[in-house]
Amino acid sequence: MGLLNGLHRALSKHEGVNQIMNWDIAEGNWKQLKGKAREKWGKLTDSDWEQVAGKKDQLIGRIQERYGITKDEAQKQADEWVRGQKVEAKEEREHTTPR
């Protein structure tokens, strides 16, 4: 039982670190990703996007406010979106790598 709990904690820590890295990457590449984010959350205004500037907590707050959803739901949407961007970027690299 102790081994399983330790494994679960280690995996949970790994998943958390992975998500932080994804948001670090998203913030660093915000100019490229902002257009895709605008498509996903069309209710956000130009002013909202200026405030967000790639910051996860700002994006979650704006999604929550504009869509009238809970913070947890907004965070879930943002995390799912950023994970999808990571996959797209990886797929694009695979297709553009010379063989």
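Residues numbered from 1 in each chain as written. Predicted model: local features only at pLDDT ≥ 70, side-chain atom pairs only at ≥ 80, totals over all residues. Heavy atoms only, no water.

Colleague: Can you help me understand the side chain of Asp-48 in this one?
Modeller: Within the element layout of this structure, Asp-48 appears in helix H3 (residues 46–52). If near-sequence neighbours (up to four positions away) are discounted, Asp-48 is found in contact with Arg-62 and Arg-66. (Helix = DSSP H or I, 4+ residues; strand = E, 2+ residues; numbered from the N terminus. Contact = heavy atoms within 4.5 Å.)

Colleague: Looking at this model, I keep getting lost on the confidence of the model for the chain. Mind explaining?
Modeller: Any segment with low pLDDT has predicted coordinates that should not be analysed in fine detail. On average, residues of the chain score 77 in pLDDT, and 65% of them reach the 70 mark or higher. Note that pLDDT drops below 50 for residues 1–14; the model gives that stretch 0 contacts with residues more than four away or on any other chain. (pLDDT = per-residue confidence, 0-100.)

Colleague: Any chance you could explain helix H2 (residues 30–40) here in plain terms?
Modeller: Because each turn of an α-helix spans 3.6 residues, side chains separated by three or four positions in sequence point in the same direction. Along H2, the positions that sit buried rather than exposed are Trp-30, Leu-33 and Ala-37. The arc enclosing the buried residues of H2, seen along the axis, measures out at 70°, which places them on a common side. In H2, the exposed positions angled more than 90 degrees off the buried face are occupied by Lys-31, Gln-32 and Glu-39. (Buried < 20%, exposed > 50% of the residue type's maximum accessible area, 1.4 Å probe, protein only. Arc of directions from axis to C-beta.)

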